[in-house]
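# Overview (structure and organization)
These are the residues of each chain, in order.
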Amino acid sequence: MDKILQIIKQEKKRQEETLMMIPSENYSYPEVRTAVGSVLMHKYSEGYPKKRYYQGNEFIDEIEQLCRSRALELFKLDSEKWSVNVQALSGTPANLAIMNALLEPGDKILSMFLYDGGHLSHGWSFKGKNITLSSKIWNINFYYVDPATGRFGYARIDELARKVRPKLVVSGGTAYAPEIDHRRLYAIAKKVGAYYLADVSHEAGLIAGGANRRPFEYADVVMMTTHKTLRGPRGALIFSRKEIADKIDSSVFPGVQGGPHNHTIAGIAVALEKAKSQEFKNYAHQTVANAKALATELKWKGFRIVSGSTEKHLVLVDLQSKKVSGWFVGWALEAAGIITNRSTVPADSATPYYPSGLRLGTPALTTRGMKEEQMKTIAGWIAKVVEHIGARTIPEDPEKRLKELKAFKEEVFKDKFLLGINKEVKALCNKFPIDLG
Ligand SMILES: Cc1ncc(COP(=O)(O)O)c(C=O)c1O
């Protein structure tokens, strides 16, 4: 057997036996994996349905049209008013394509600061350095949460927008647990003549299932990745109002991409159909209920939850009061079989690689069928792990840091206490099996 296939088997086992608590991850459906692993990956089809630059696209056209109509149906959008592009390879190229469609080089963008829960693809420049391509092309300005509440003060964003006068206002909460008020942000954008892009990559499935508010009535463009709460393959959908749809399409292809990944489009179409079911609606509501239960239990255990609680599928834990870096907690939890994502918190003085927070999510646990009771158990394990490793800071001296962190990583995977929790985690995973084929 090819080594790669052997490694895939190991990865499958890892996914079965650990708690996937990264908010942007999920288990897709077996039918989605069938579509993505299908012969559709062999086909080239630059262009759009009925207007391709290649022959032999009869079935590819049917699939792409079906994907588009399923997307509009799922989100109850009038095809006279809304269009959807299903070809973007993922969230970052989708955002780049949107900016390229709506802006001229040098135009101003107002987006959410990364440390406060925003995303790199909304433009990231830091300490005078332009890090993403978008920040090299456009002039990125940030809005922030109020550090005391961890929530947006919309009046302050309004004030900032009037000062900056952006051409595009972007929202999108990668690590922002409250729901975003699209109505307010749309109004702020319109006052200064800007477009409003609602990036609902994280909330897509929650919106589809009715567990989070819809952005469509208050946005010019709505972008969502398809692999998070929506449970599809990695990809993205760009919904836009009809007036700007041609600009978006020609920006995706030939603007920033070549041939579409037809196998992915088919997988997205499968996931969209699944998301219309009552079962999916229940899933979306349970995902939020589980995140709330997790946040409540962690609070009881003495953790500070950024923004107080959650209204979505994610919980952001501030570890500063525990005097331990998210780096240590992330590795110790991994040794215990709990896979999380260390994260910056608002006004973090630490860096994104060694941040002060921990980002937790419930989408994959909920796909396994877990409920509030299991969230309580998991919160208990997290608290025990944090207590077990105790206060620890990242050494400033690079040599000392390298040595200490390497030793810590080796130690945790031999630590009897953590391995004991790992056993309990595996037993819980066995009780909630997942069909990975
Ligand atoms: C809000 C938001 N936008 C865009 C993206 C980028 O998606 P991708 O990783 O598919 O490029 C992410 C990814 O986590 C995200 O959270």
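This is a predicted model, so every value here is computed, not measured.

## A look at the UniProt feature "modified residue: N6-(pyridoxal phosphate)lysine" (unreviewed entry) in the chain
- Annotation from UniProt places "modified residue: N6-(pyridoxal phosphate)lysine" (unreviewed entry) at Lys228.
- Relative to the helices and strands, lysine 228 resides in the loop between strand S13 (221-225) and strand S14 (236-241).
- Discounting chain neighbours no more than four positions away, the residues touching lysine 228 are Ser24, Asn26, Ser201 and His202.

## Thoughts on the sheet that holds strand S8 (residues 139-143)
- On the basis of which strands lie adjacent, the open sheet formed by seven strands has the order S4-S14-S13-S12-S11-S5-S8 and mixed pairing. Every other strand in the sheet has two partners, leaving strand S4 (82-85) and S8 as the edge strands with one partner each. Each neighbouring strand pair of the sheet contributes to a mean axis angle of 20°, computed without reference to strand direction.
- Along the sheet, helix H4 (residues 91-102) makes contact with strand S5 (108-112), strand S11 (168-171), strand S12 (195-199), S13 and S14, crossing S13 at roughly 165°.

## Quick notes on the packing of aromatic side chains
- One pass over the full model with this rule turns up 26 aromatic pairs.
- Geometrically, the ring pair formed by tyrosine 115 and tryptophan 124 is tilted, given 6.0 Å between the ring centres and 35° between the ring planes. For the pair shown, tyrosine 115 and tryptophan 124 are each scored as buried.
- With a centroid separation of 6.5 Å and an interplanar angle of 55°, the aromatic rings of tryptophan 327 and tyrosine 354 are classed as tilted. One end of the pair, tryptophan 327, is in helix H12 (residues 326-335); the other, tyrosine 354, is in the loop between strand S18 (341-343) and strand S19 (357-361), and 27 residues separate them in sequence.

## Section: helix H3 (residues 58-74)
- Look at H3: 25 Å from first C-alpha to last across 17 residues, which is about the 24 Å you get at 1.5 Å a residue.
- Regarding H3, the residues found buried are Ile60, Asp61, Glu64, Cys67, Arg70, Ala71, Leu72 and Leu74.
- Tucked inside the fold, the buried residues of H3 contact strand S2 (47-48), strand S3 (51-52), S4, helix H8 (204-208), S14 and helix H10 (262-274).
- Phi turns positive one or two residues past the end of H3, at lysine 76, with a value near 50°.

## Notes on the site of the ligand
- Around the ligand lies a shell of 13 residues, among which Ser90, Gly91, Thr92, Asp199 and Lys228 are the nearest.
- Taking serine 90, its side chain carries an N or O atom lying 2.4 Å from an oxygen atom of the ligand.
- In the environment of the ligand, an oxygen atom lies 3.0 Å from a nitrogen or oxygen atom belonging to the backbone of glycine 91.
- For the ligand, the protein covers 87% of the area, taking 390 Å² as the surface of the free molecule.
- No other element matches the three residues that H4 contributes to the shell around the ligand.
- Looking at the shell around the ligand residue by residue, the classes come out as no nonpolar, eleven polar and two charged.

## A closer look at the packing of helix H14 (residues 372-389) against helix H16 (residues 416-431)
- It is the contact of H14 with H16, at a shortest axis distance of 11 Å, that shows an interaxial angle of 170°. Looking at the two axes, H14 sits roughly antiparallel to H16. Note that H14 runs across H16; the crossing there is left-handed. Each of Gln374, Ile378, Trp381, Lys384, Val385 and His388 in H14 lies in contact with H16, whose residues at this interface are Phe417, Leu418, Ile421, Glu424, Val425 and Leu428.
- For the contact of H14 with H16, the residue count by class is eight nonpolar, two polar and two charged.

## Focus: the sheet that holds strand S16 (residues 314-318)
- Read from one edge to the other, the open sheet built from four strands follows the order S15-S16-S19-S18, with strand pairing classed as antiparallel. Unpaired on one side and paired on the other, strand S15 (304-305) and S18 mark the two borders of the sheet.
- Of the strand pairs in this sheet, S15 and S16 are connected by two bridges, and their pairing is antiparallel. The residue bridging arginine 304 from the neighbouring strand is aspartate 318, located in S16.
- Together, S15, S16 and S19 form the strand contacts of helix H11 (residues 278-300), whose direction differs from that of S16 by roughly 20°.

## Re the packing of H4 against helix H9 (residues 242-256)
- Where H4 contacts H9, the two axes come as close as 8 Å, and the packing angle between them is 120°. Taken as axis vectors, H4 and H9 run oblique relative to one another. Between H4 and H9 the crossing geometry is right-handed. Residue-level contacts link Pro93, Ala97, Ile98, Asn100, Ala101 and Leu102 of H4 to Ile244, Lys247, Ile248, Ser251, Val252, Gly255 and Val256 of H9.
- Class assignment of the residues belonging to the contact of H4 with H9 gives a composition of nine nonpolar, three polar and one charged.

## A look at the UniProt feature "site: Plays an important role in substrate specificity" (unreviewed entry) in the chain
- In this numbering, the UniProt entry assigns the feature "site: Plays an important role in substrate specificity" (unreviewed entry) to His227.
- You can see histidine 227 is positioned in the loop between S13 and S14.
- Non-local contacts of histidine 227, meaning those with residues more than four positions away in its chain, are made with Ser24, Asn26, Ser90, Gly232, Pro233, Arg234 and Gly235.
- One polar contact links the side chain of histidine 227 to the main-chain amide nitrogen of glycine 235, over a distance of 3.2 Å.

Criteria and thresholds
Within each chain, residue numbers correspond to sequence positions counted from 1 in written order. Only residues with pLDDT of 70 or above have their local features reported here, since the model is predicted, and side-chain atom pairs are shown and tallied only from 80 upward, although totals for entire chains, interfaces and linings are computed over all residues. The side-chain figures draw on all heavy atoms in the structure; neither hydrogens nor water molecules are used. UniProt positions are given in the numbering used here, feature names are shortened, and annotations may be inferred rather than shown by experiment. Numbering of helices and strands starts at the N terminus; helices are DSSP runs of H or I of at least 4 residues and strands are runs of E of at least 2. Contacts are assigned to residue pairs with any non-hydrogen atoms lying within 4.5 Å of each other. Any two strands with at least two DSSP-identified bridges between them are counted as paired. For every element, the axis is a line fit to its C-alpha atoms; helices are fit only across the contacting stretch, and the angle between N-to-C directions ranges from 0 to 180 degrees. Paired rings are identified among Phe, Tyr and Trp, the last through its six-membered ring, by centres lying within 6.5 Å, and are further divided according to the angle between planes into stacked (under 30 degrees), edge-to-face (over 60) and tilted (the rest). Burial classes follow relative accessibility: with a 1.4 Å probe on protein chains only, a residue under 20% of its type's maximum area counts as buried, one over 50% as exposed, and anything between as partly exposed. Given a helix with a known number of residues, its expected span is that number minus one, times 1.5 Å. Put simply, a residue is near a molecule or strand once any heavy atom of it comes within 4 Å of that molecule or strand. Throughout this description, a polar contact denotes any pair of N or O atoms lying within 3.5 Å of each other; where both atoms belong to protein, one of them has to be capable of donating a hydrogen while the other can accept it, and for residues adjacent in sequence the pair is counted only when both atoms sit in side chains. Only the protein chains shown count as cover for residues, and the accessible areas themselves come from Shrake-Rupley with a 1.4 Å probe. Residue polarity is assigned by list, with Asp, Glu, Lys and Arg as charged and Ala, Val, Leu, Ile, Met, Phe, Trp, Tyr, Cys and Pro as nonpolar; anything else, Gly included, falls into the polar class. The cut-offs work like this: below 35 degrees is roughly parallel, past 145 is roughly antiparallel, 65 to 115 is roughly perpendicular, and the gaps in between are oblique. Each crossing gets its hand from how the near helix is turned against the far one by less than a right angle, where anticlockwise is left-handed and clockwise is right-handed.

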